[in-house]
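Examination of the molecular architecture
What follows is the residue order along each chain.
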Amino acid sequence: MAWLTEQEAKAKRKTDIGPPHYSKMLPPVISKNYGKWKYHEVFTPGTMVHVAESGDKVYTVRVASPRILATESIRAMLDIADKYCDGYIRWTTRNNVEFMTTREENVPLIKKAAEDAGYPAGGIGSGLSNMVHTQGWVHCHSAAADASGLVKAIMDEVYPYFTEKKLPAKTRLALACCVNMCGAVHCSDLAVVAIHRKVPEINHDLVKNMCEIPTTIGACPTRAISPDPAKKSVKINPDKCMYCGNCFTVCPPIDIHRPEEDGVAIVVGGKVGSLRKGPMFSKLAIPYIKNNPPRWPEVVSAVKNILETYANDARKHERIGEWIDRIGWESFFKKTGIEFTYQHIDDFTFARDTFRTSAAFKW
Amino acid sequence: MKKYETPLLNELEKGPWPSFVKELKKAAKTSEMANDEVGQLEKSFRDKRGYWKHGGIVGVLGYGGGVIGRYSSLPNEFPGVAHFHTVRINQPSGMFYKTDSLRTILDLWDEYGSGLTNMHGSTGDMVLLGCRTEALEPLFAEVTSRGWDLGGSGSALRTPACCVGKARCEWANIDAMDICNDLTQTYQDYVHRPAWPYKFKFKIAGCAVDCVASIARADCSIIGTWKGNIAVDQDVVKDYAKAGMNINAEIVGMCPTGCMSYDGKTLTIDDENCSRCMHCISKMTKALRPTGERGASILIGSKAPIVVGSLLSWVIVPFMKMEPPYTELKELAEKIWEWWDDNAKPRERIGEVIELKGMRSFLEAIGVPPQPQQVLAPRKDPFFFWKDEDLNGKK
Ligand code: HEM
Ligand code: HEM
Ligand code: SF4
Ligand code: SF4
Ligand code: SF4
Ligand code: SF4
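All of the points below concern the structure found in this document. (Residues numbered from 1 in each chain as written. Chains lettered and ligands numbered in written order. Predicted model: local features only at pLDDT ≥ 70, side-chain atom pairs only at ≥ 80, totals over all residues. Heavy atoms only, no water.)

Re the interface of chain B and chain A
A common way to report how large an interface is uses the accessible area buried once the components associate. Each side of the interface is counted separately: chain B has 126 residues, and chain A has 116 residues. In total, about 10,900 Å² of surface goes out of reach between chain B and chain A, with carbon and sulfur atoms giving 60% of it. Together, W17, K48 and R168 of chain B form the three largest contributors to the area buried by chain B at its contact with chain A, with a combined 9%. The shortest N-O distance in the salt bridge between D82 of chain A and R103 of chain B comes to 2.7 Å. (Contact = heavy atoms within 4.5 Å. Buried area = accessible area lost by both parts, 1.4 Å probe. Salt bridge = Lys/Arg side-chain N within 4 Å of Asp/Glu carboxyl O.)

Things to note about the sheet that holds strand β10 (residues 220-226) of chain B
Strand-to-strand pairing in sheets goes through backbone hydrogen bonds, with the strands running parallel or antiparallel. Residue and element names in this part refer to chain B. Ordered by their spatial adjacency, five strands build an open sheet running β8-β9-β10-β15-β16, and the pairing between neighbours is mixed. One side of each edge strand has no neighbouring strand; the edge strands of this open sheet are β8 (161-162) and β16 (314-320). Seen against the sheet, helix α12 (residues 327-343) touches β9 (202-205), β10, β15 (294-300) and β16 and runs at an angle of roughly 155° to β16. (Pairing = 2+ DSSP bridges. Helix = DSSP H or I, 4+ residues; strand = E, 2+ residues; numbered from the N terminus. Axes fitted to C-alpha atoms, helices over the stretch in contact; angles between N-to-C directions.)

Let's talk about the site of ligand 5
By nearness alone, every residue bordering ligand 5 is listed as C163, V164, C169, W171, A172, A205, G206, C207, V209, D210 and C211 of chain B. Looking at the shell around ligand 5 residue by residue, the class counts come to nine nonpolar, one polar and one charged. (Near = heavy atom within 4 Å. Nonpolar A, V, L, I, M, F, W, Y, C, P; charged D, E, K, R; others polar.)

Concerning the site of ligand 6
Inspection of the region around ligand 6 gives 13 residues, with C255, C259, C274, C277 and C280 of chain B positioned closest. Considering only residue class, the shell around ligand 6 consists of nine nonpolar, three polar and one charged.

Describing the sheet that holds strand β8 (residues 173-176) of chain A
All names here are of chain A. With mixed pairing, the five strands of this open sheet are ordered in space as β7-β8-β9-β14-β15. Looking at the sheet topology across the chains shown, the edges are occupied by β7 (132-133) and β15 (283-290). Alignment of strand β9 (residues 190-195) against strand β14 (residues 263-268), held across six bridges, turns out to be antiparallel. Its bridge partner lying in β14, A194 is registered against V264. Relative to β15, helix α12 (residues 329-336) is tilted by about 35°, and along the sheet it contacts β14 and β15.

With respect to the nonpolar core
Ranked by internal contacts, the top residues of the largest apolar core, which has 109 residues, are W91 and F99 of chain A together with I222 and I298 of chain B. Examining the composition of this core, we find that seven residues originate from one element, α12 of chain B, more than from any other. Beyond its immediate chain neighbours, meaning those up to four positions away, I298 of chain B contacts C220, S221, I222, W314, V315, I316, V317, M320, M322, L329 and L332 of chain B. By size, the runner-up hydrophobic cluster in this structure holds 73 residues, among which are L150, A302 and V303 of chain A together with V38 of chain B. (Core = buried A, V, L, I, M, F, W, Y, C linked by side-chain atoms within 4.5 Å. Buried < 20%, exposed > 50% of the residue type's maximum accessible area, 1.4 Å probe, protein only.)

Written as C-alpha cells, this is what we have:
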C-alpha cells in the first residue's frame, strides 16, 4: 500500500459521515433478538450466557486486554472471532474483549485460544473487571506517574480476583495519571491518582521567549499566576497553587515535573450504579506513595491490603463504599492500618459537609 | 532500526496480566515510531518523568477536533516520536465490530502510523496512538472513504457513548445504542467543529446499573428507567431460595426503601415505595422484571474534579419517553447548549455554570418545571427569592 497523494486524498475525503451504523456490526443472533433478552447467567468470571424470549442463546467469553494493543494483537483476536464467532467481536467499556457465539462447544475453545494469545478470561460478576486507566508516560505531558506500568503491576498481583476468586461485590479499579483524571476515576471502588506535590519551577529567561503571558495566567484554574513585569515573566502564589500542571501545558518553561516528589494517592469507596445506596464519590485513603518504577511495590501492596481487608470484612453484595459507610471511616483506618493525616481532612469546595456533626463514633 | 536496552520495561513483561510492553514491542518490530516510543518510555521509567510536549493545534482540513497534537520533548534522541499525535476514530455504538471492517482500519494504521492503539479511549473512541502531521490528511481520506469518521476533541460535543443496551442486556429500558448513534449523526457538526465554552459529553445507559458510568462522567447522562411495577415470578423465586440464596439477607434486607418482604414462600414488593434502584432485579434476574412504561431519566452536569470539585449528574427530567427520532431529547439538549453558551466563561462545564447561576434560572431557561424527583431534600434556610410571577400566583 502506498500513501495517497495530496490530490488523491482531496478527491477521496468525506466529512461528517459519522461512524458506521451499529446494525452492520452485530452478530445475527444479536440482531434477531435485539431488545428481546430474557435473562443471563454467569458460569465463571470469564463466561456467561444470555437467553432470549425466542429461546436463542448467546454465549460470551470476556477476556482481559492491556488497552494498549498493537495491530498485530488485534488481528490475532479477529482471527479467533473469525474461527469461532462468525466474524464478530466486541469491546466493553472497561477495555475487555468479548467473543460471542451461539455454540456452547466453542466456549472452551475460545477461552483457550485467547489465553494462548495472552489474554485471560475473566472480569464478570462479583470480582475485579479490567482496571480502566489513562495514558501516563506512554503519551501524555501532564503525567505524574505512568499509567500502564502501575496497572500491569497491580493487576499481576490481584490477578486471581479477575479470573476466579470472588469478592463480596463487583469491584471497579481505575487509575488516572494526573488530577485531570481523563478516566474520571472519582467514582471507583478503588482508584490510584497520580499527583504532583510542589509548585512548578519557572525558567524566567525561557518564559520571556516561549510563552504568551496572558494565556499562561489564564490557564491557571486557581488564579495562582500573576505577571512579574520586572522579569518579563510570571510568578506563582504558592498558597493558591494545587500542582495541576495546566500552566506547564501552555508554557513548557514552567516545569511541573519533580521526579523525586511526584507519586500517587489512593482513593476508595466510589460507585456509579444507583443500586442500593446510589452513586458515591471515592474518598482519600492514602495521600501519597512515591513513584517506584518499574513495579511500584509500595502501591501494589497498599491496593492489595485494602482489597483483602474489604474481602474479609464486608457483607455479601456490599461494594467498598457501602462497606465503609456501614463500619465508619474510623474503622476503615483501623482495620486497614492506614495512617490518618492532615491531608485527609477536606479543605476544598465542600469541606464542611465532611466534618463530623454527631457525638457518636467508634474507637 | 535502533536497538534499545530496556531492563526496566522488561520487568513489566513478566507476570500473568497482559503486558502493554509486549504490545509496544510487537509494534516496534516493524515501526520506527513504536520503536522510539519504547526507547523514550524506558528513559521515562529510569528518570521517573514523562518527556512529552503539549502540541498546539494539528488536525485535518475543515475539522477543529479529532486529532490531539503530541510531540516528544527529546526529538533528536527519539526522532520516531518527534510527532506522535492521537487520532480518535468514532466507534460504532456498543463497540461491536465485524472483523473485516476493523481489519480495514488496522491495515491503514500500519501504513500511516505507529501500529499502536488504545481499544478504546476513555470517552469511547478508538484511539490510534502515534501519527505524524503529514500522515493526517491522507489517513483521514482513507478512513472516511471507507465509511469511518473522526470523533470529538477540544471544546466540542465529545463522541457520545453508551452501554450494550438492548443488543445483549435484558435490563435495557431504552435503546441506548440507537440513541447514541442518532445523537452522534445528528450533531456531527458539533462533534467536529469545537464552538462551545468547553467540552460536552453524552453517555447513555439502559438502566440504573449504569455500565458506562454516565452519571459520573457525562455532562448529560441519559439513564433508562420504567414507571410500572416489578413483576415477580414466585416459582423462580423458590428456585433461587433452593439454590441457596438467602433472600431475606441478600434481597429484602438490602432493598434501600424497605419495600420488600419475604415470608419464606412469597416475595412481595410494595411497588409504590420502590425507587427502581435495580438491586433486586440485578440479583434475581430470572424472577424479577420491570413492567409498564419505559423511558429515561435525564441528568446533567457530572465531571471530574478539575477544578472546583467533582460533580455527579443531577436529575432534571425524571422521565422522558425515548422514541426515535428523539425530538424531545434533542430540543432539550439544544436549549441546554444555548443557555450554557450564553452564560459560561471559557472552560466552564455546564454543571459549574448551573452552580454559579442557580438551578432555577437553568430550569426556567430550558422550560423544565420544578419536581421533587429533582432534589434529595428541599432547602434548609429561609433565604429565597420571589419573582413577580411567583407573587402573581402564576407559578
Ligand atoms: C480539565 C480536565 C482535563 C484536561 C486538561 C485533559 C487533558 C487531556 C490531555 C492532554 C489528553 C491527551 C493525552 C494523550 O496525550 O494521549 C487527554 C486525553 C483524554 N482525555 Fe482528558 N483531560 C481532562 C479531563 C478529562 C475527562 C474528565 C475525561 C473523561 C471523562 C477525559 C477524557 C479523555 C480521553 C478519553 C482521552 C484520550 C486518552 C485516554 O483515553 O486516556 N479528559 N486529556
Ligand atoms: C451489582 C450491580 C451490577 C450488576 C448486577 C451489573 C451487571 C452488569 C452486567 C450484566 C454487565 C454486562 C453487560 C453486557 O455487556 O452484557 C455489566 C457490565 C459492566 N458494568 Fe456492571 N453491573 C453492576 C454494577 C456496575 C457498576 C456500579 C459499575 C460501575 C462502576 C459497572 C460497570 C460496568 C461496566 C463498565 C461494564 C462493561 C463491561 C465490563 O465490565 O468489562 N457495573 N454489568
Ligand atoms: S489523566 Fe492527566 S496525565 Fe493522564 S492522560 Fe489525562 S491529562 Fe494526561
Ligand atoms: S500548577 Fe496549576 S495551580 Fe499551580 S500555578 Fe500551574 S496552573 Fe496554577
Ligand atoms: S447499564 Fe443497564 S441496560 Fe446497560 S448494559 Fe448495564 S445493566 Fe444492561
Ligand atoms: S428495585 Fe431497589 S427499591 Fe425497588 S424493590 Fe428492588 S431493591 Fe427495592
